[in-house]
Structure formats: structure tokens, C-alpha cells
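Overview (structure and organization)
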Amino acid sequence: MDSDATTSQRFFVLEEGGVGSRYDVNVEKVEPVNRADAPRCPHCGDIIGLLKWLPPYRVKLELHGDELGDFIKGPGNERLISERFAEAFRAEGLIGLEGFHPVEVVRVRSMRKRPRQLLSEPRYFVVWSCFGRAAVDLILNRVRFSNPLTCTECRSTSIDATHGFVLEPDTWAGEDVFRPRGMQGRVVVSERFKDFVERHGLTNVRLTPTEQFVQDPSHLGPAPLPTT
């Protein structure tokens, strides 16, 4: 992917609607829960993600909102997507999601009274985002780190505050969904993915431009930009 394409491309942080939305739902994995080792950086060996969920994929859903959405955040790095989401994603040739294994929904418990047919046998697939080659720009980002970076490959370190970030030119490999180096805890998507979500009216999807994404629980403020 050439640098001009990366520079002209806009990227977005992918999240779910969250607590209090009409699609608010909790996911509980059903025993037996099998897990593989957490992914590690091939260069420094540091852990760069959570333990990977292995089959059988069985869950209980506790619905606090009004209806189940097309996109549900799981307890780990995995996400549940609806059947129509999965079919459309693959049919349109988008890339970056892996897995697509059917999930057995053992039970849906509604925390509000509603007709039973609204909760009948939803079909979901489990997916996870690939680790992309795109890297967070170390100069132009507004991210405060707890410790200095020590690995130029994974660029992983503890993040105290984020007030927007951008990706380095010439690092994005064209994935539509990915976890960038230096911010593997976040899922980033392309403009093509954003258009895909809007065209299909996929629910419980929240997309924030990376340069506007803010997470600062300790109110530290943005990292200063370099002076010239």
C-alpha cells in the first residue's frame, strides 16, 4: 500500500453502542471454555492480546436494551456478528476479520418484559480482528504512554490517555478491520468498512474517526505535539 493511499484514507475506531443503548447486551461464555495462549510479538515476545477463545463456541446473552444488534462485543478480543453481517462482509470481499465460526446461543435472557418471539434463536458467528501492519504514528499521535517504547515492531506499551491518533504513511496493508501496531487494544476500520456498515444498516456499531477518538479516564489531557 503506497503512502499516498494511506495518507488520503480515513480510519475509524470500531466499538459497540455500549451500556444504555437499545442494543445493550452482556455475553457470558458457557462451559467448557477453552483458550489458547495469548498472541505475542514475533520480535520481542511481549503479549499483545488476550487469550484466544477456542471451540466449542457457546454463549448466554443477557439483553438490557430493546433488541439484539448485528455487532456484539464479547468478554475477550472476540466479537459476535449476526448472520446478515457475516454474509455481507464475505460477499463484498472485505478483509481483516477472521474466524466466522457459528455460535450456539444457549439462552437469551431479557431484563425487560417483551414478546417472546423477539428473542427467538438468534444466529451469530464469532470473529476476531487481525493484527495489521499499520502502525500508530509516534510523532503526530496525541497518546500518553506510561513507559517508553522498547520494540519497534509491536510498539506496545501501557497507554494512559488517548486524544486522537493517526497511522504512519506507508504502513497500512489494505485491511478493512485490523488492530494497529502500537494500539493493539483497539479495532480500527477503513472507510470502505464504514460505507459497508451504513449501506447495510448494521446495528450496534459505533465508528469514531481515529483523530477524534478520546479515552482519558484520569483526565491527563492530550500529549503535546512536537515543536519545530
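Structural notes, computed from the coordinates. The structure presented is a predicted model; accordingly, all values stated were derived computationally and were not measured.

**A closer look at the overall build of the protein**
Along its length, the protein carries three helices and 15 strands. Taking 2.2 N^0.38 as the reference for a compact globule, 228 residues should give roughly 17 Å; the C-alpha atoms of the protein span a radius of gyration of 18 Å, in line with that estimate. Counting only C-alpha atoms, the protein reaches 65 × 35 × 35 Å along its principal axes. Relative to its 228 residues, the protein shows a buried fraction of 47%. Here the analysis covers contacts within the protein between residues at least 6 apart in sequence; of these, 73% occur between residues at least 24 apart.

**Some remarks on the nonpolar core**
In this structure, I81, F85, F89, F193 and F196 are the most contacted members of the largest nonpolar core, which totals 21 residues. Within the residue set of this core, elements represented by two or more residues are β1 (12-15), α2 (83-91), β8 (97-110), β9 (124-135) and α3 (191-200). Looking at this core element by element, the count peaks at four residues for α2. Excluding residues that lie within four positions of it along the chain, I81 makes contacts with D70, F71, A86, F100, R123, Y124, F125 and V127. Counting residues in each nonpolar core, the second largest holds 17 residues, with V25, V59, L61 and W128 among its members.

**Details of the sheet that holds strand β11 (residues 159-163)**
Pairing is antiparallel in the open sheet, where three strands are placed in the order β10-β11-β15. For this open sheet the edge positions go to β10 (143-145) and β15 (214-215), each flanked by a neighbour on one side alone. In the sheet, β11 pairs with β15 via two bridges, with the strands oriented antiparallel. Looking across to β15, one finds that T162 is bridged to Q215.

**Looking at the packing of aromatic side chains**
Under the definition given, this model contains nine aromatic pairs. Ring geometry for F89 versus F196: centroids 6.1 Å apart, planes at 80 degrees, classification edge-to-face. On the criterion of sequence distance, the pair formed by F89 in helix α2 and F196 in helix α3 is long-range, its members being 107 residues apart. One exposure class covers both F89 and F196, and it is buried. The structure contains a cluster of three or more aromatic residues connected by ring pairs, namely F85, F89, F100, F193 and F196.

**Here's the deal with the pattern of salt bridges**
In the structure shown here, the tally under the stated rule is 16 salt bridges. Among the ionic pairs, E15 bridges to R206, the shortest N-O distance being 3.6 Å. Here the residue E15 occupies a position in strand β1, and R206 occupies one in strand β14 (residues 206-209), the gap between them amounting to 191 residues. Between R22 and D66 there is a salt bridge whose closest N-O contact spans 3.5 Å.

So, how was this worked out
- Residues numbered from 1 in each chain as written.
- Predicted model: local features only at pLDDT ≥ 70, side-chain atom pairs only at ≥ 80, totals over all residues.
- Heavy atoms only, no water.
- Helix = DSSP H or I, 4+ residues; strand = E, 2+ residues; numbered from the N terminus.
- Rg over C-alpha atoms; globule rule 2.2 N^0.38 Å.
- Buried < 20%, exposed > 50% of the residue type's maximum accessible area, 1.4 Å probe, protein only.
- Contact = heavy atoms within 4.5 Å.
- Core = buried A, V, L, I, M, F, W, Y, C linked by side-chain atoms within 4.5 Å.
- Pairing = 2+ DSSP bridges.
- Phe/Tyr/Trp six-rings, centres within 6.5 Å; stacked < 30°, edge-to-face > 60°.
- Salt bridge = Lys/Arg side-chain N within 4 Å of Asp/Glu carboxyl O.

Interpretation in functional terms is not warranted from these geometric data alone.
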